[in-house]
Protein chains: 2
Amino acid sequence: MLAQATISPTAPTPLSYHSGQPVTEPSDLWSTATRQTCARNRSIYSEGDPADRVFKVVSGAVRTFQLLEDGRRQVNAFYLAGEIFGLEATGDYRFSAEAIVTSQILVLRRDRLTLRLTNEPALMGDLWRITACELERAQAHFALLGRKSAIERVASFLVSMGERSVTNGAIELPMSRQDIADFLGLTIETVSRTMTLLEEQRLIAMPSARRIVIRDRRPLMALDS
Amino acid sequence: MLAQATISPTAPTPLSYHSGQPVTEPSDLWSTATRQTCARNRSIYSEGDPADRVFKVVSGAVRTFQLLEDGRRQVNAFYLAGEIFGLEATGDYRFSAEAIVTSQILVLRRDRLTLRLTNEPALMGDLWRITACELERAQAHFALLGRKSAIERVASFLVSMGERSVTNGAIELPMSRQDIADFLGLTIETVSRTMTLLEEQRLIAMPSARRIVIRDRRPLMALDS
DNA sequence: CGTCCGATTGACAAAACTCAAGTACTGTGG
DNA sequence: CCACAGTACTTGAGTTTTGTCAATCGGACG
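A short tour of the structure in this document, coming up. (Residues numbered from 1 in each chain as written. Chains lettered and ligands numbered in written order. Predicted model: local features only at pLDDT ≥ 70, side-chain atom pairs only at ≥ 80, totals over all residues. Heavy atoms only, no water.)

1. Details of the pairing of strand β10 (residues 103–109) of chain A
Residue and element names in this part refer to chain A. This is how it is decided: Each residue is placed in one exposure class: buried if its accessible area under a 1.4 Å probe, protein chains only, is under 20% of its type's maximum, exposed if it is over 50%, and partly exposed if it falls in between. Every helix listed is a DSSP run of H or I at least four residues long, and every strand listed is a run of E at least two residues long, numbered separately from the N terminus. At least two DSSP bridges between two strands are required for those strands to pair.
Judged by how many residues are buried, β10 sits mostly within the fold: 5 of 7 residues are covered. Sheet analysis places strand β5 (residues 53–59) next to β10, joined by 6 bridges and oriented antiparallel. Within β10, the position partnered with Arg53 by the bridge is Arg109.

2. Section: the relation of the copies chain A and chain B
Comparison of the two chain copies shows a relationship of rotation about an axis with a shift along it. Basically, it comes down to this: Least squares is used to superpose the copies, and the fit set is the C-alpha atoms of residues whose pLDDT is at least 70 in both copies. The contact definition used throughout considers only heavy atoms, calling two residues in contact when any of these lie within 4.5 Å.
The transformation that overlays chain A on chain B combines an axial shift of 0.0 Å with a rotation of 180°, and the residual RMSD is 0.0 Å. Viewed as a symmetry operation, the transformation between the two copies matches a two-fold axis. Taken together, the interface assignments show that 100% of the residues at the interface of chain A recur at the interface of chain B, consistent with an identical surface on both copies.

3. Things to note about unusual backbone geometry
The phi torsion of most residues other than glycine is negative, and most of the peptide bonds are trans. A positive phi is found at Asn41 of chain A, a non-glycine position, where the angle reads about 70°. Mapped onto the elements of the fold, Asn41 of chain A is located in the loop between β3 (34–38) and β4 (43–45).

4. A look at the interface of chain A and chain B
As a reminder of what qualifies: Buried area: the accessible surface (1.4 Å probe) lost by two parts on joining, summed over both. Put simply, a salt bridge is a Lys or Arg side-chain nitrogen that is within 4 Å of an Asp or Glu carboxyl oxygen. Throughout this description, a polar contact denotes any pair of N or O atoms lying within 3.5 Å of each other; where both atoms belong to protein, one of them has to be capable of donating a hydrogen while the other can accept it, and for residues adjacent in sequence the pair is counted only when both atoms sit in side chains.
The interface of chain A with chain B comprises 44 residues on the first partner and 44 residues on the second. Between chain A and chain B, roughly 4,000 Å² of surface is buried when both sides are summed, and carbon and sulfur atoms account for 66% of that area. Considering only the side of chain A, the residues that lose the most area to chain B are Trp128, Phe142 and Arg147 of chain A, jointly responsible for 24% of the buried surface there. Our count for the contact surface shared by chain A and chain B stands at 6 salt bridges. Across the chain A-chain B interface, the total number found is 18 residue pairs in polar contact (both at pLDDT 80 or more).

5. A few points about the packing of aromatic side chains
Rule in force here: Pairing of aromatic side chains here covers Phe, Tyr and the six-membered ring of Trp, requires ring centres within 6.5 Å, and sorts the geometry by plane angle: under 30 degrees stacked, over 60 edge-to-face, intermediate tilted. Note on geometry: a ring has a charge over it if NZ (lysine) or CZ (arginine) is within 6 Å of the ring centre and within 35 degrees of the ring normal.
Taken as a whole and judged by the stated rule, the model has 17 aromatic pairs over all chains. Ring geometry for Tyr45 of chain B against Tyr93 of chain B: centres 3.7 Å apart, planes inclined by 15°, an arrangement best described as stacked. With a gap of 48 residues between them, Tyr45 of chain B in strand β4 (residues 43–45) and Tyr93 of chain B in the loop between β8 (84–85) and β9 (96–99) connect regions that are remote in the sequence. Members of the aromatic cluster, joined through ring pairs, are Tyr45, Phe55, Tyr79, Phe85 and Tyr93 of chain A. Lying across the ring of Phe65 of chain A, Arg73 of chain A places its NZ or CZ 5.8 Å from the centre.

6. A look at the pattern of salt bridges
On inspection of all chains with the given rule, the structure shows 38 salt bridges over all chains. Arg211 of chain A serves as the salt-bridge partner of Glu172 of chain A, at 2.3 Å between the closest nitrogen and oxygen. Placement of Glu172 of chain A in strand β12 (residues 170–172) and of Arg211 of chain A in strand β14 (residues 211–214) is noted, with a sequence separation of 39 residues between them. In this structure, the salt-bridge partner of Arg63 of chain B is Asp179 of chain B, at a minimum N-O distance of 3.1 Å. Pair noted here: Arg63 of chain B is in strand β6 (residues 62–67) and Asp179 of chain B is in helix α4 (residues 177–184), with a separation of 116 residues, a long-range link.

7. Considerations on the protein's contact with DNA strand D
Condition: Being near a molecule or strand, for a residue, comes down to having at least one heavy atom within 4 Å of it.
Neighbouring DNA strand D are 17 residues; Thr190 and Arg193 of chain A together with Ser192, Thr196 and Arg210 of chain B lie closest to it. Counting only the atoms of DNA strand D that lie within 4 Å of the protein, the sugar and phosphate share comes to 65%. Within the side chain of Thr187 of chain A, one N or O atom sits 3.2 Å away from a phosphate oxygen of DNA strand D. Between DNA strand D and Arg177 of chain B, the relevant distance is 2.8 Å, taken from a phosphate oxygen to a side-chain nitrogen or oxygen of the residue. Taken together, the elements giving at least two residues each to the surface near DNA strand D come down to α5 (188–200) of chain A together with α5 (188–200) of chain B. For the surface near DNA strand D, the leading source of residues is α5 of chain B, giving 4 residues.

Structural data, given as structure tokens:
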């Protein structure tokens, strides 16, 4: 039944995508993928590896990042349940991916995807849209890294996480302060201090370091610009 | 003849793309585009406009950027001769584009492109690759904005410009110091001071503010990381 | 209960920003 | 050709923000 399913370009199923932009994909794209469990901090692929697989997070969380020669790290993105990563149009992976916590991921071999593309060219439009969506999110991150203050960066991050994964009122952060710092272009100490500041201002509450409750959304959104 | 031309996915013509990554596109993609002259600082499209056109720079230079509410500006990219911009998979432009200097650009209507895509699905793969290439370049910019010092940012910028447009030994910068600052996430003063520093260190020479000669490439590349 | 690791806090230093002044181009009109 | 105006760029002085280094706190787990 899975193999027989045909894709109509007019009847895609909606995919909740983490940029907030609805993206469509064929419902059975992942039916031929294999499921895999990745331990915490386990590498999924590394910069320079041939880009022969595409991934979708089932549960857990993944980070993609690049390292400068002296060890400085830039986290490019976090991927949560339902989100797709590792989709390159061609060539090698240009960044590395690691599981942040023990995660379940779907792995789709690139050659299977290519095969599907040959039979169903319309599918390529969907993949293009996924890439375009990622580009959009990336460019929006430019303004954060290039022009925002520490408090604006942290507020933007919390608002974004709040839109992506809330469990009964609280944001569960799977990533460490170091991950957040490397994503926001700050140091771990600045992230920590800024979160304390937001708590003192009663905009958020922190039942624990990894659990954040947004108490007053409005001023946080304002900081988000 | 133009209309009759068929596209073979195995015989694309190479397109020099500014990320340094070779990208292919059908040679006649722009044959139905109209040529247009854009005066200096003239808006080409604005954030929120329907993304109904795709552009290619013939001569001159273009910047894409976003504005925060309080006027802070982030320049996302510069586009020089031969480079494509405004290619969105769907929806509205999410950033604005302006001519930096008086420029000639090719304008391809989106509906014509869509028509082509219907007849030649293979073309979509090429467009996807262009978007993926742009994404790659965007993500590489993350490390610069998030983790590099002022001198590293300026050095990276000059090396990148040197690879894209050199006229008899000198880099001709079409953009102002303010444009560069907004691209690198710095202030105009820091950009100016940093360039002076690089000149004092004999890594570059500045016959004029807009003409840069790279005198010692090695240490500049090292700063580029 | 103690250890370990991640997170927080404090004191100080450095990098980049802000504000302000001065210099050097560019183009225009006399 | 020169004088002037306007803009862009450079430089300086002082401030702010963020980073660095070091110590402490606190929850998770054996």
